[in-house]
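Spelled out, the chains give:
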Amino acid sequence: MPPIALILFGSPGSGKGTQSRLVGERCLPGPHISTGDMLRAHIEAGDTIGAEIQGLMKSGRLVPDELVNRLVEKRLSQPDARGGVILDGYPRTVAQAAEVRRMLGLGGMLPVVVHLVVDYDRIVARLSGRRQCPVCGTLYSLSTNPPKVPGVCDLDGATLVTREDDQEEVIRERLGEYDRQTRPILDYFSRDGIEVVEVNGADADPASISQRICAALENAHSQQGPGGCL
Ligand code: ADP
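Residues numbered from 1 in each chain as written. Predicted model: local features only at pLDDT ≥ 70, side-chain atom pairs only at ≥ 80, totals over all residues. Heavy atoms only, no water.

**Overview of the nonpolar core**
With 31 residues, the main nonpolar core has Val85 and Leu87 as its most contacted residues. Among the elements of the structure, strand E1 (4-9), helix H2 (35-45), helix H3 (48-58), helix H4 (65-76), strand E3 (85-88), helix H5 (94-106) and helix H8 (184-191) are those that each provide at least two residues to this core. Take this core: its biggest share by element is five residues, from H4. If we ignore the near neighbours within four places in the chain, the residues touching Val85 are Ile4, Ala5, Leu6, Leu28, Pro31, Ile33, Leu76 and Met109. (Core = buried A, V, L, I, M, F, W, Y, C linked by side-chain atoms within 4.5 Å. Buried < 20%, exposed > 50% of the residue type's maximum accessible area, 1.4 Å probe, protein only. Helix = DSSP H or I, 4+ residues; strand = E, 2+ residues; numbered from the N terminus. Contact = heavy atoms within 4.5 Å.)

**Things to note about the site of the ligand**
Close to the ligand lie 20 residues, the nearest being Thr35, Arg40, Arg61, Gln96 and Arg174. Within the backbone of Arg61, one N or O atom sits 2.6 Å away from an oxygen atom of the ligand. Burial of the ligand by the protein amounts to 97% of the accessible area it has alone, namely 550 Å². Its residues placed into classes, the shell around the ligand shows seven nonpolar, five polar and eight charged. (Near = heavy atom within 4 Å. Polar contact = N/O pair within 3.5 Å; in protein donor to acceptor, adjacent residues only side chain to side chain. Areas by Shrake-Rupley, 256 points an atom, 1.4 Å probe, with all protein chains shown as cover. Nonpolar A, V, L, I, M, F, W, Y, C, P; charged D, E, K, R; others polar.)

**Thoughts on the packing of aromatic side chains**
Scanning all chains against the criterion turns up two aromatic pairs. A ring pair is formed by Phe9 and Tyr178, whose centres lie 6.1 Å apart and whose planes are at 50°; its orientation type is tilted. Of this pair, Phe9 sits in strand E1 while Tyr178 is found in helix H7 (residues 168-182), placing the two residues 169 residues apart along the sequence. With respect to burial, Phe9 and Tyr178 carry one shared label: buried. Centre to centre, the rings of Tyr188 and Phe189 are 5.9 Å apart; their planes meet at 55°, and the pair counts as tilted. For the pair formed by Tyr188 and Phe189, the shared burial category is buried. (Phe/Tyr/Trp six-rings, centres within 6.5 Å; stacked < 30°, edge-to-face > 60°.)

**Notes on the pattern of salt bridges**
A full pass over the atoms with the stated rule returns 17 salt bridges. A salt bridge links Glu168 to Arg172; the nearest nitrogen and oxygen atoms lie 3.6 Å apart. Of this pair, Glu168 and Arg172 are both found in helix H7, four residues apart, which corresponds to roughly one turn of the helix. Note on Glu168: relative accessible area 46%, which makes it partly exposed. Of the residues examined, Arg172 reaches a relative accessible area of 44% and is grouped as partly exposed. Notably, a salt bridge pairs Glu173 with Arg180, separated by 3.2 Å at the nearest N-O pair. The class for Glu173 is partly exposed, based on a relative accessible area of 25%. Linked by salt bridges that have partners in common, Arg130, Arg163, Asp165, Asp166 and Arg174 make up one network. (Salt bridge = Lys/Arg side-chain N within 4 Å of Asp/Glu carboxyl O.)

**Describing the packing of H7 against H8**
Contact geometry for H7 and H8: axes closest at 6 Å, N-to-C directions at 25°. Compared by their axis directions, H7 and H8 come out roughly parallel. Of the residues in H8, those in contact with Tyr178, Asp179, Arg180, Gln181 and Thr182 of H7 are Pro184, Ile185 and Leu186. Across the contact of H7 with H8, the residue classes tally to four nonpolar, two polar and two charged. (Axes fitted to C-alpha atoms, helices over the stretch in contact; angles between N-to-C directions. Parallel < 35°, antiparallel > 145°, perpendicular 65-115°, else oblique.)

**Topic: helix H9 (residues 206-222)**
Counted at 1.5 Å a residue, the expected span for H9 with its 17 residues is 24 Å, and the 24 Å between its end C-alpha atoms agrees. Those residues of H9 that sit buried are Ile209, Ser210, Ile213, Cys214, Ala216, Leu217 and Ala220. Buried residues of H9, viewed axially, fall in a sector of 155°; they line one side. Projecting away from the buried face of H9 at angles above 90 degrees are the exposed residues Glu218 and Ser222. In this fold, the buried residues of H9 make contact with E1, helix H1 (16-26), strand E4 (110-117) and strand E7 (196-200). (Expected span 1.5 Å × (residues − 1). Arc of directions from axis to C-beta.)

**Notes on H8**
Turning to H8, its buried residues are Ile185, Leu186, Tyr188 and Phe189. Viewed along the axis of H8, the buried residues span an arc of 160°, placing them on a single side of the element. The outward face of H8, more than 90 degrees from its buried face, is lined by the exposed residues Ser190 and Arg191. Where H8 is buried, its residues touch E1, H5, E4, H7 and E7. In the stretch just after H8, Gly193 is the one whose phi turns positive, near 75°.

Written out as structure tokens, the structure reads:
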């Protein structure tokens, strides 16, 4: 069976980060590749890439395809990515989608696209109440999944932070970018014969949603003949 590359697709705040972690624990033990986390790490490191992208990310705009494609290709070439990966926040444009098909094809990986569907009002509420641990990356929600002690990570005691781009105005811009640049990938996939599995990302608790995603992965695997391709 070819290794699976789960492409977790969905608007900002649809739960891609949370689901990446849960699905990784439950059924797909490859690395969680989040382009947002990779880009933020460059900003924190204060390197040249970080300086180039800081303004764009702060205002909720996408960073250039070429740069993101390069980072993902490098990450996918590492040995731990050979057995399967979870892609979170990538691809985000049609040009990136074409690139990821090429990269996964080279690695003999089976792309499985899961679209986490959540309506916009809920997304704005979710994102504005979101807090993250800067050390281990755990996400909290002030309304549905608050930390035990306010402002402190349950796992390592670090002080939680609000992402700079989780302010309402920037959230709207990110959703605009999603509509303009990311949503059209769905048409691209369907024209290309790549199935997109829709999963409701709002009507159940995160653990049940991860169960649905794992079922979709199992289904995709079982539809495969040995060595076949989607
Ligand atoms: P969210 O999905 O909630 O917006 P991410 O952490 O995935 O959060 O992304 C945060 C920001 O990082 C985006 O608004 C964008 O500026 C940048 N980014 C992340 N992934 C990509 C990508 N694949 N292409 C271009 N920009 C990206």
